[in-house]
Amino acid sequence: MNIDAILAQTMLGLSQGVFYAMLSLGLAIIFGLLNVINFAHGALYMLGAFVALIGYSYIGPWLGYPDFQMGFWWALIVAPLVVACFGMLMERFMLRRLYQFDHIYGLLLTFGVALVLQGVLSNYFNISGTAYPATPESLRGIVNLGFMYFPKYRLFAIVLSVIVCFATWYMIERTSLGAVLRAGQENPKLVEAFGINVPRMITLTFGFGVALAALAGVLAAPIYSVSPLMGADLIITVFAVVVIGGMGSILGAIVTGLTLGLVQGLTQALYPPAANTVIFFIMVVVLLIRPAGLFGKAEG
Amino acid sequence: MAELLRIADLNAWYGESHILHGVNLSVNEGEVVTLLGRNGAGRTTTLKSILGLVDKRSGSITVSGTEVIKQPTHKIARLGLLGYCPEERGIFARLNVDENLALPPKLGDDGMSVEEIYDMFPNLAERRRSMGTQLSGGEQQMLAMARVLRTGARLLLLDEITEGLAPVIVEALGKTIRQMKERGLTIVLVEQNFHFAAPLADRHYIIEHGHVAEVVEGHEADAKRERINEFLSV
């Protein structure tokens, strides 16, 4: 196998890894502050893709303006906002009632929400997927990377995701806004005693984590077809990524997501039959050797 | 002197445990008041109840004339211009000294500037980039105090600030409290160290079994020493 082929698989792995990274980052942020394992995360990723699809192909005719189409660039902004609003309502009126109980209740609630979202959308849309036709002209075609020809759109998705991930990391770990969030993860009661509205901060944080999932959904729409089950398929792998990286670590989520995408891509090149299972194999090994995850801290 | 804090018939619960059984006390502006008592008597719970950090509470808590018992914690802090130093100090491990200091939002206008604070606590100035957990116990306590001084809080709730600290640091803390008093701040001090509290306080409330067992004015403290020791001895 020559070096070009390995580099090519690396790029393909990376283009998968950025989705793992964005989704596990959102999960980590939500878990860090809310202590909720958000099982609806995959469904909200799917919802992001559907907001983009509906905005382009359906909403105009529904509203009686057949010419109205929300383009891809608008979808990148609108879909995360719409899904974040949905997420914040979900936190405010459902999850908040469960914080006083065992974490398992929050997990079950979000799992239920995921099933409801999938069920409702399966009722109206094709389960096997609908193509998203609004990829902008400027992102179509291929670009020569020297060692391979690579789809322009995938390169764009990689670059944008990596920027978003590291901007999020910077905001949380290096700014004063992030300091409030980090403090809230450690001791929310004390942060509130200083006069900070922690319940509102929790709602906004959930909204932000969910918006990351929706943004990933919009980015995925032109690559994979938009289907009510697209999140359910992906989220299982993402949970494995989260287990490997360790729950709640921001940088851990990003690095693990990207790395495991690469590992998967390289496995695809070296031994294709193992490509779909390699992440779960790593998960088992990590659980046995370091149960808190590579970046996680064991609970005292 | 205007009354800044008034607690009447305060009851508080953690889960099913009924901890406070009708606490009454009042603190005037500019006073230093201590809550003395044994471990588990309800002193810390009294402070936490003021901020709404217990599971359930009843009775009345007024700060500057405003009833706050039904308010959420973050509003109480702002309404009352409260500054809270918890018993466990509450220094955030994932934040460095500067970030810990800057964390609480400004409540009033006359808080100390960061420069003034680092003048007051030169040890902290040398460790501005250190993470919270890398500080010694004394440094953490200094930081916990410095943190509330920056916010412009008018009423400080300080829980066991001398616990487990070397005598020289306890002495420094006593000096800090005198400086705060000179600035016109009002202080409620939960203490076990009567030796530390006696020269600082205008009044002592002795808490036992979740209510105020005895009130001792500062000038009576020496005369009533035996009586106080009876309450504090294990």
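Worth saying up front: this structure is predicted, and the values here are computed from it rather than measured.

Chemist: Would you explain the overall build of chain A in this entry?
Modeler: The helix and strand inventory of chain A stands at 11 helices and 2 strands. When the elements of chain A are put in sequence order from the N terminus, they spell out α-α-α-α-β-β-α-α-α-α-α-α-α. In terms of its C-alpha atoms, chain A occupies a principal-axis envelope of roughly 55 × 55 × 35 Å. The buried share among the 300 residues of chain A stands at 49%. Here the contacts in chain A between residues at least 6 apart in sequence split such that 78% fall between residues at least 24 apart.

Chemist: Got a minute to help me understand the overall build of chain B in this structure?
Modeler: Tallying secondary structure elements over chain B gives 9 helices and 10 strands in all. For 234 residues, the compact-globule estimate of 2.2 N^0.38 gives 17 Å, and chain B sits close to it at 17 Å. Expressed along its principal axes, the backbone C-alpha trace of chain B runs to roughly 45 × 40 × 35 Å. Buried residues in chain B amount to 44% of all 234 residues. Counting only contacts in chain B whose residues sit at least 6 apart along the sequence, the fraction spanning at least 24 positions is 69%.

Chemist: Any chance you could explain the UniProt feature "transmembrane region" (unreviewed entry) in chain A here in plain terms?
Modeler: Residue and element names in this part refer to chain A. UniProt feature "transmembrane region" (unreviewed entry): in the numbering of this structure it lies at residues 17–37, 44–65, 71–90, 102–121, 153–172, 202–224, 236–263 and 270–289. The straight-line gap between the two end C-alpha atoms of residues 44–65 is 27 Å; of that span, 91% is helix and 0% is strand. A helix fraction of 65% and a strand fraction of 0% characterise residues 270–289, whose end C-alpha atoms lie 25 Å from each other.

Chemist: Whenever I open this one, the interface of chain B and chain A confuses me. Can you help?
Modeler: The accessible area lost on association of the parts is a frequent measure of interface size. On the side of chain A, 16 residues touch chain B, which itself brings 19 residues to the contact. If you list the elements that add at least two residues to the side of chain B that touches chain A, you get α2 (73–80) and α3 (97–102) of chain B. Ranked by the residues each element gives to the side of chain B that touches chain A, the list is headed by α2 of chain B, at 4 residues. Here the side of chain B that touches chain A is built from residues that sort into 13 nonpolar, 3 polar and 3 charged.

Chemist: Is there a simple way to think about the environment of G90 of chain B in this case?
Modeler: The topology assignment puts G90 of chain B in the loop between β6 (82–85) and α3. For the pair G90 of chain B and S26 of chain B, spaced 64 residues apart in sequence, the C-alpha to C-alpha distance is 26 Å. Setting aside residues no more than four positions away along its own chain, G90 of chain B makes contact with N187 and L190 of chain A together with A144 of chain B.

Chemist: Can you help me understand the sheet that holds strand β9 (residues 203–208) of chain B in this one?
Modeler: Sheet strands pair by backbone hydrogen bonding; their relative direction is either parallel or antiparallel. Residue and element names in this part refer to chain B. If you walk across this open sheet you meet the 6 strands as β6-β7-β8-β3-β9-β10, and the pairing is mixed. Looking at which strands have only one partner, the edges of the open sheet turn out to be β6 and β10 (211–217). Adjacent strand axes in the sheet meet at a mean angle of 15° when their direction is disregarded. Sheet analysis places strand β7 (residues 155–159) next to strand β8 (residues 186–191), joined by 5 bridges and oriented parallel.

Chemist: Looking at this structure, how should I read the packing of helix α1 (residues 3–34) of chain A against helix α10 (residues 250–270) of chain A?
Modeler: Think of two packed helices as two axes; the pair is described by the angle between the axes and how far apart they sit. Residues and elements named next belong to chain A. Contact geometry for α1 and α10: axes closest at 6 Å, N-to-C directions at 150°. Here α10 runs roughly antiparallel to α1, going by the angle between their axes. Crossing handedness for the pair α1 and α10: right-handed. Class assignment for the residues of the contact of α1 with α10 results in 18 nonpolar, 12 polar and no charged.

Chemist: Can you walk me through α1 of chain A in this structure?
Modeler: Residue and element names in this part refer to chain A. With 32 residues, α1 ought to run about 46 Å at 1.5 Å a step, and its terminal C-alpha atoms sit 45 Å apart, in line with that. By the criterion of burial, α1 is predominantly enclosed, with 24 of the 32 residues buried. Looking at the residues trailing α1, positive phi occurs at N35, about 60°.

Chemist: How should the pairing of strand β4 (residues 56–63) of chain B be read in this particular structure?
Modeler: For a regular strand, side chains alternate in direction, first toward one face of the sheet and then toward the other. All names here are of chain B. Relative to β4, strand β1 (residues 3–14) runs antiparallel, the two sharing 7 bridges. Residue pairing for β4: I7 is matched across the bridge by I61. Of the strand pairs in this sheet, β4 and strand β5 (residues 66–67) are connected by 2 bridges, and their pairing is antiparallel. Within β5, the position partnered with T62 by the bridge is E67.

Chemist: Would you take a moment to explain the sheet that holds β5 of chain B for this structure?
Modeler: Residue and element names in this part refer to chain B. Strand order in the open sheet formed by 4 strands is β2-β1-β4-β5, with antiparallel pairing between adjacent strands. Whereas interior strands pair on both sides, the edge strands pair on one side only; in this sheet they are β2 (17–28) and β5. Running over the sheet, helix α1 (residues 43–50) touches β1, β2 and β4 and is turned about 70° from β2.

Chemist: For this particular structure, what's the right way to read the environment of A213 of chain A?
Modeler: Residues and elements named next belong to chain A. Residue position: A213 is located in helix α8 (residues 198–220). When the C-alpha atoms of A213 and G119 are compared, they prove to be 19 Å apart, with 94 residues separating the residues in sequence. Those residues in contact with A213, other than ones at most four positions away along the chain, are L23, G26, H41, L44, Y45 and G48.

Chemist: Honestly, the pairing of β10 of chain B in this entry has me stumped. Any pointers?
Modeler: Residue and element names in this part refer to chain B. Pairing between β9 and β10: 6 bridges, direction antiparallel. Residue pairing across strands places E208 opposite H211, the latter belonging to β10. Following β9, the chain reverses through 2 residues before pairing antiparallel with β10; H209 in that reversal takes a positive phi of roughly 50°.

Chemist: Whenever I open this one, the nonpolar core confuses me. Can you help?
Modeler: Most often, soluble globular proteins keep nonpolar side chains buried together rather than apart. Within the largest apolar cluster, 158 residues are counted, with the highest numbers of intra-cluster contacts made by M22, L25, A49, A52, V83, A214 and A216 of chain A. Not counting residues up to four positions away in its chain, the partners in contact with A216 of chain A are F19, M22, L23, Y45 and G48 of chain A.

Chemist: Explain helix α3 (residues 72–93) of chain A here, please?
Modeler: All names here are of chain A. A rise of 1.5 Å per residue sets the reference length of α3, with its 22 residues, at 32 Å; its end C-alpha atoms lie 31 Å apart and thus fit the reference within 8%. The sharpest bend along α3 measures roughly 25° and falls at V78, with the proline P80 sitting one to four residues further on. Looking only at α3, the buried set comprises F72, A75, A79, P80, V82, V83, A84, G87, M88, M90 and E91. Contacts made by the buried residues of α3 are with α2 (41–63), α4 (103–124) and α8.

Chemist: Please explain unusual backbone geometry as it appears in this structure.
Modeler: One can expect most non-glycine residues to show negative phi and most peptide bonds to be in trans. Residue and element names in this part refer to chain B. You will see that R89, though not glycine, has its phi angle at about 75°, which is positive. Positive phi values are uncommon outside glycine, yet H209 reaches one of about 50°. Following the sequence through the fold, H209 ends up in the loop between β9 and β10. On the neighbour-count criterion, H209 (13 C-beta atoms within 10 Å) is partly exposed.

Criteria and thresholds
Residues numbered from 1 in each chain as written. Chains lettered and ligands numbered in written order. Predicted model: local features only at pLDDT ≥ 70, side-chain atom pairs only at ≥ 80, totals over all residues. Helix = DSSP H or I, 4+ residues; strand = E, 2+ residues; numbered from the N terminus. Buried ≥ 20, exposed ≤ 12 C-beta atoms within 10 Å, placed from the backbone. Contact = placed C-beta atoms within 7 Å. Rg over C-alpha atoms; globule rule 2.2 N^0.38 Å. UniProt positions renumbered as here; feature names shortened; annotations may be inferred. Nonpolar A, V, L, I, M, F, W, Y, C, P; charged D, E, K, R; others polar. Pairing = 2+ DSSP bridges. Axes fitted to C-alpha atoms, helices over the stretch in contact; angles between N-to-C directions. Parallel < 35°, antiparallel > 145°, perpendicular 65-115°, else oblique. Left-handed = near helix turned anticlockwise from the far one by under 90°. Expected span 1.5 Å × (residues − 1). Core = buried A, V, L, I, M, F, W, Y, C linked by C-beta atoms within 7 Å. Bend = angle between axes of the 7 residues up to and from the residue.

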